Each structure stands twice: as C-alpha cells, then as structure tokens.
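Remarks on the overall topology
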Amino acid sequence: MGGMDGFGKVEPEPNEPPFHEPWEGRVMALSRAMGYAGAWHIDHARFAQERLPPQVYLTASYYQRWALAMETNVVERGLATAEELKSGHALAPGKALPRKFTPALVREGLKRGSFFRQQQAPPRFKVGDRVHTRNIHPTTHTRLPRYARGKFGIVELCHGCHMFPDAVAINRGDDPQWLYTVVFEGHELWGPDADPTLKVSIDAFEPYLEPA
Amino acid sequence: MSGKDHDHHDHSDLSETQLRVRALETVLTQKGYVDPAALDEIVEAYETRIGPRNGAAVVARAWCDPAFKKALLADASKAVATLGHVSRVGDHLVAVENTPKTHNIVVCTLCSCYPWEMLGLPPIWYKSAPYRSRTVKDPRGVLRDFGLSLAKDTEIRVWDSTAETRFIVLPMRPPGTENWSQERLAELVTRDSMIGTGLPKQPGAEI
C-alpha cells in the first residue's frame, strides 16, 4: 500500500502489550508452529492475505488477516477441510508433515531460517549500477511494490542469492535469484512535489530489474 | 492460555474471530500438526523474552565499542551472532546508521516485515495502513505524528523491507553520555529509535 493516500494519521499506542487479545497470541503461535512443521512457506501466507478481497483486507486486523490466510492454506493444501474448520473438530486423521514444534523446541524453533540459496548464475548487477525496475503487474505474489515499478534507481547493496518469493508462492520451487537494495530519489517515485531530502530503497530480486 | 482451558466456557460471549481461531487450533491439534503446549511456549517467548531490549543491547554495544560498530555496519548478522545473550537473528540483518546528515526509517509497505529477533513483535501502528502507506511518500509527516521534527536539510532515507532482509537503525548516541556503561546506555535506546520513528532518550530522561 506504499504511497496510497487517505488512511490518516499514524497513532502510536503508549505501553502497547504484545497481544491485545489472547486469540492474537494463539494465531501468531499457530502460524509459527505450522511454518516450522513445513505446512507451507511464509510466501504462501503472504499470498493468501493478498488474495483477500480488498474490503476484507482493509478492515480486518493484522492477526485476523493471519487467521484468514491460515484457513486458506490449511484447506488449499489439504491439511483439513472447510467443513472441519467450520465444525471445529477433525473428521479424519491428519497428513504427515516434515516435523512438529514441541515445547522443548521453543528456542531452536523460533530461530529465523536462512533464505540464502545456491546461485544459478553470476549476479547481473553490481553496487553502483543504474537500473530500471520492470513495469510488471502480476496477479500472483510479487515483492516489487507498485510505487516502485518502472522507475530508475541505483544498486546500493547486494544481499546474495535468495529463494524467490514470486516462484515460491505459486509452488514453482525456490528459483534462486540475486537480491539487491535499490535506492530511488524521492522525485523519481513521487514527482517534482516530492520531499527533496527523501530517498527510498526497496530490496529487489534480479528479475525485477533491467540495466539502465 | 490454550484453547483447552475453555472447553466448558459459555460460548455466547465470544466473538466470531475467537470462535474461528479456537476451531482452527482444535482442528490442527486433533490432526496432530501442532501441540498446544508448544503454542503456549511460543506466546510466552514473545511476551517475555523476545523484545526491544535485544536490539537496545546491540545499539549500546555499538556506541561503546568502535570495532563492534564497524563489524555491525559491515555485516549485522555476523556481528550480532557474536553476542551470546541476544536471540539468534538468522542471516539477513542489516544495521543502518543515523548521522547528523542522514536519518533512517524502516517500513514494510507490502506486509509488515520487522526484525522480530531484535525488537520483538511489531507494534500495531507499524502494521497499520497509515504507516505502511505514508512512510515512503511523506516520512516527515509520519515523523510529525510521532512528535518528531528533523532539520529541513536532513536527508531522510526510508528502507522498505520488501524481501527477507531486516533492518535495524543505529541511532546517534545522545550527547552527555561519555563514560556511561553499556548497560546504562541501553536504557536510553527506545524501540522507536531503532525503527527510525523516534530518537533515543536524553540523559536524565531514562526512567
């Protein structure tokens, strides 16, 4: 939603608790445990949220979106049926998943996994290169934000070769791609009225970029 | 609090969301995918152990130890991994330094990516539409919502966390803290100062 107008002020909440309702903690923990179990990848969770109708996406809370996305992935991946979720009881045994998050694993299991993958080709760009982001509008998951499509920027960092969310989310494997921080001048993104002191960077996978 | 604790509870006062989440947990438990006791442990870890004190310790160390600061800015994942006492961050942490010339702000416009291991769970405002939409276009307006006003000529650098890289801001050390211990300095480091929507507390205001 980068660059959209009309959402109003940011409202910090003093002394905010980690969870406002106990169910939020359950959703967060369920999501971590199912991710650890290998039920799906984080990009499947993100893609399921992005497929929510806009009026639902914009009115649901953060953890409500997580819960809705989890229901989608559970059903789509055949881990339970919609009927089971509706009734609140399993009607058939579960499928085998690669592993299970047990209480003893709480330290190891919460460790963040690595997204590095073996490179398939040398990097196409180097730090300092001027690049142009592609003007692409896939209906599936992508990490190229709309406000940064078709823009000129400079490669500032190279983060190595990572699994490619656009492929992972639609079950096309890791499809490893080089990942770069690309920085844009404010006026390149927002026109002549932009804050002249503004620079914005995104992390862009190589397929999002072309030489400029 | 696991779903089990409530089996005999009257459901009439529960919201639709609570009921749906309970149904989801019950089904995934009965299917053998999750263990409610493990869910309790995960919730507790984020309620009690994984929070912004982890990041504050890293910042305070960087303020005291020039070699560590250099290592942190060169490769934050590696540098933080050398500190045994903070939770493990994985491979993709980047620290960005505030200077008198440049102020950094971190956002995720696409979802709400956030350095959980350094700062704990993100606050609601970080996940909200106003923050996600405006920060990349009108960061000074967003900072004003936090009561923060920067010099007109300060360069503002917004880092949109669009991949699995996670960013933490290394704020400037407040003046008047020479000879302070690392532990005392850590008390000045607020969560928001490591996101870029705030500054560290000034000496005398640390309580």
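Structure first, text after, so check above.
The structure contained in this document is the topic of the report that follows. (Residues numbered from 1 in each chain as written. Chains lettered and ligands numbered in written order. Predicted model: local features only at pLDDT ≥ 70, side-chain atom pairs only at ≥ 80, totals over all residues. Heavy atoms only, no water.)

On to helix α2 (residues 42-50) of chain A. Extensive coverage of α2(A) is indicated by the burial of seven of its nine residues. Turning to α2(A), its buried residues are Asp43(A), His44(A), Ala45(A), Arg46(A), Phe47(A), Ala48(A) and Gln49(A). (Buried < 20%, exposed > 50% of the residue type's maximum accessible area, 1.4 Å probe, protein only. Helix = DSSP H or I, 4+ residues; strand = E, 2+ residues; numbered from the N terminus.)

With that settled, the discussion passes to the pairing of strand β4 (residues 166-170) of chain B. Looking along a regular strand, one sees side chains alternate from face to face of the sheet. All names here are of chain B. Across the five residues that make up β4, a large majority, five, are buried. Pairing of strand β1 (residues 93-97) with β4 involves five bridges; the strand directions are parallel. Following the sheet pairing, Glu97 is matched in β4 by Leu170. (Pairing = 2+ DSSP bridges.)

All names here are of chain A. Look at α2 against helix α4 (residues 62-76): their axes get within 8 Å of each other, and the N-to-C directions meet at 105°. Relative to α4, α2 is oriented roughly perpendicular. Here His44, Ala45, Ala48 and Gln49 of α2 lie close against α4, whose contacting residues are Arg65, Trp66, Ala69, Thr72 and Asn73. Along the lines of polarity and charge, the residues of the contact of α2 with α4 split into four nonpolar, four polar and one charged. (Axes fitted to C-alpha atoms, helices over the stretch in contact; angles between N-to-C directions. Parallel < 35°, antiparallel > 145°, perpendicular 65-115°, else oblique. Contact = heavy atoms within 4.5 Å. Nonpolar A, V, L, I, M, F, W, Y, C, P; charged D, E, K, R; others polar.)

Right, let's talk about the interface of chain A and chain B for a bit. In this complex, chain A contributes 88 residues to the contact, which on the side of chain B involves 81 residues. A combined buried area of about 7,500 Å² lies between chain A and chain B, and 60% of that area is made up of carbon and sulfur atoms. Contact with chain B buries area across many residues of chain A, yet Val10(A), Arg26(A) and Arg112(A) alone supply 12% of it, more than any other trio. One can count 10 salt bridges joining chain A with chain B. Across the pair Arg46(A) and Glu164(B) runs a salt bridge, and its minimum N-O distance is 2.8 Å. Inspection of the region where chain A meets chain B yields 37 residue pairs in polar contact (both at pLDDT 80 or more). Secondary structure elements with two or more residues in the side of chain A that touches chain B: α1 (22-37), α2, α4, α5 (82-87), α6 (106-109), β2 (152-162), β3 (177-185) and β4 (198-205) of chain A. By residue number, the principal contributor to the side of chain A that touches chain B is α1(A), which donates 12 residues. (Buried area = accessible area lost by both parts, 1.4 Å probe. Salt bridge = Lys/Arg side-chain N within 4 Å of Asp/Glu carboxyl O. Polar contact = N/O pair within 3.5 Å; in protein donor to acceptor, adjacent residues only side chain to side chain.)

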